Amino acid sequence: MTDEFTTQIYYEDDVDESYLENTTVAVLGYGSQGHAHALNMKESGVDVLVGLRENSSSRKAAEEEGLEVGTPAEVAAQAEIISVLVPDTVQPAVYEEIEPHLEEGDTLQFAHGLNIHYNQITPPEHVDVTMVAPKSPGHLVRRNYVNDEGTPGLLAVYQDTTGDAVQRGLAYAKAIGCARAGVLETTFQEEVETDLFGEQVVLCGGVTSLVKHGYETLVDAGYSPEAAYFECMNELKLIVDLMYEGGLSEMWDSVSDTAEYGGLTRGDRVIDDNARENMEEILEEVQSGEFAREWILENQAGRPSYTQIRQAEKDHDIEEVGERLRDLYSWSESDGEEDETPEV
Ligand code: NAD
Ligand code: MG
Ligand code: MG
Ligand code: MG
Ligand code: MG
């Protein structure tokens, strides 16, 4: 464990994997996170079952990897740890199917705390409720594990009936490869609120909006869409890679002095006090549950507005230009896996 940080961070040596001995883990869902957790745990020597609907198109993929597959109810009945890795919006319905099979001392395990935190799932008092949330798209959780690398993760305990919830959560985190990179202790509330804020304001919402507004400003001023695409979207990856490797300093060191001076003097004019107020407003919608209510109602209504804005995003000019330009890269032959749309 490392004490210099404000948060407890666990690494492999802090974990006692015997907490998963004689334990069967049921992984419900075989999507982005599900396939990664199931395969990583299996290769770490854990007994794993996969829970999928009878007609699920993922069944074949799981079986081809040598995983035993049953319905969510069947595998939950056989397992002591039930890891709920179906999409957040279908978790309450799948939970109804497995609830009768939650025995005294079982663990209900999540990778995101939305349904627990906003009371869409209310587990019985006789089970532990934990969260091991890799801070990464599922496909990288798998790729990193295979490459003997790790993915940082969060661990939270919502309910600890057995007294072993932290130890079992850590053993689970180690088995999927998170303890190689560090497991941070947090709460369901903190994970949910920071995850939703991060994806809405910075990672998914903020960055796409920045890219589109930059692109549109250049194209509307008469510059070519190709130049605007390379400047506002393609080069972003190179800049983010530098920040990932060495923080803001490495990025500033690596760009020209002209870029550094221009960026340092202009950036705050783009993301200004007004934008900061909007960020605080969005955080309040997350904290108050207003966003969660909106998202739940949107799903109950059959996703009318989501479907529409999703299509508008696909139809944006930058997508057409980008697709055309990326097809010209000699190395752009896709390996298929990258095409999945991961969730953060
Ligand atoms: P996903 O959409 O990739 O996959 C879900 C899988 O669930 C599908 O492949 C299917 O096998 C199965 N499924 C769908 N509907 C089902 C049903 N009605 N009954 C049974 N099985 C069904 O899901 P995901 O993005 O991996 O998300 C799983 C959980 O992990 C969520 O709580 C999410 O917030 C969390 N999470 C995801 C990521 C990510 O990288 N995608 C990152 C961190 C946390
Ligand atoms: Mg059971
Ligand atoms: Mg430049
Ligand atoms: Mg996230
Ligand atoms: Mg998320």
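About the cut-offs
- Residues numbered from 1 in each chain as written.
- Chains lettered and ligands numbered in written order.
- Predicted model: local features only at pLDDT ≥ 70, side-chain atom pairs only at ≥ 80, totals over all residues.
- Domains from an automatic or database assignment.
- UniProt positions renumbered as here; feature names shortened; annotations may be inferred.
- Helix = DSSP H or I, 4+ residues; strand = E, 2+ residues; numbered from the N terminus.
- Core = buried A, V, L, I, M, F, W, Y, C linked by C-beta atoms within 7 Å.
- Buried ≥ 20, exposed ≤ 12 C-beta atoms within 10 Å, placed from the backbone.
- Contact = placed C-beta atoms within 7 Å.
- Right-handed = clockwise from strand over helix to strand, strands pointing away.
- Pairing = 2+ DSSP bridges.

(A) Quick peek at the domain arrangement of the protein. The domain boundaries assigned to the protein delineate domain 1 (9-187) and domain 2 (204-329). A separation of 32 Å is found between the C-alpha centroids of domain 1 and domain 2.

(B) Inspection of the UniProt feature "binding site: Mg(2+) 1" (unreviewed entry) in the protein at higher detail. Here the UniProt-annotated "binding site: Mg(2+) 1" (unreviewed entry) positions come out as Asp-195 and Glu-199. For Asp-195, the position within the fold is in helix H8 (residues 188-203). Mapped onto the elements of the fold, Glu-199 is located in helix H8.

(C) Examining the nonpolar core more closely. Grouped together as the largest cluster of nonpolar side chains are 59 residues, with contacts concentrated most on Ala-26, Val-50, Ile-82, Met-131, Ala-173 and Ile-176. Element by element, the count of residues in this core is highest for helix H7 (residues 165-175), at five residues. Those residues in contact with Ile-82 that lie beyond four places of it in its chain are Ala-26, Leu-28, Ala-76, Ile-98, Asp-106, Leu-108 and Gln-109. By size, the runner-up hydrophobic cluster in this structure holds seven residues, among which are Tyr-215, Tyr-229, Met-233 and Ile-318.

(D) Fine view of the environment of Ile-81. Following the sequence through the fold, Ile-81 ends up in strand S5 (residues 81-84). Distance in space between the C-alpha atoms of Ile-81 and Gln-311 is 38 Å, their sequence separation being 230 residues. Apart from residues no more than four positions distant in its own chain, Ile-81 is found in contact with Thr-23, Val-25, Thr-107, Gln-109, Arg-168 and Tyr-172.

(E) Just the environment of Leu-102, in detail. For Leu-102, the location among the structural elements is in the loop between helix H4 (91-98) and strand S6 (107-110). According to the C-beta neighbour criterion, Leu-102 is partly exposed, with 19 such atoms within 10 Å. Between the alpha carbons of Leu-102 and Lys-60 there is a distance of 27 Å; along the sequence they are 42 residues apart.

(F) A look at the pairing of strand S3 (residues 47-51). Most of S3 sits out of view: four of its five residues are buried. Following the backbone out of strand S2 (residues 24-28), through helix H1 (residues 32-43) and into the adjacent parallel S3, one traces a crossover that is right-handed. Two elements, S3 and strand S4 (residues 68-70), share three bridges in a ladder whose sense is parallel. Paired with Leu-49 across the two strands is Glu-68, which belongs to S4. Note that the unit made of S3, helix H2 (residues 59-64) and S4 has a crossover that is right-handed.

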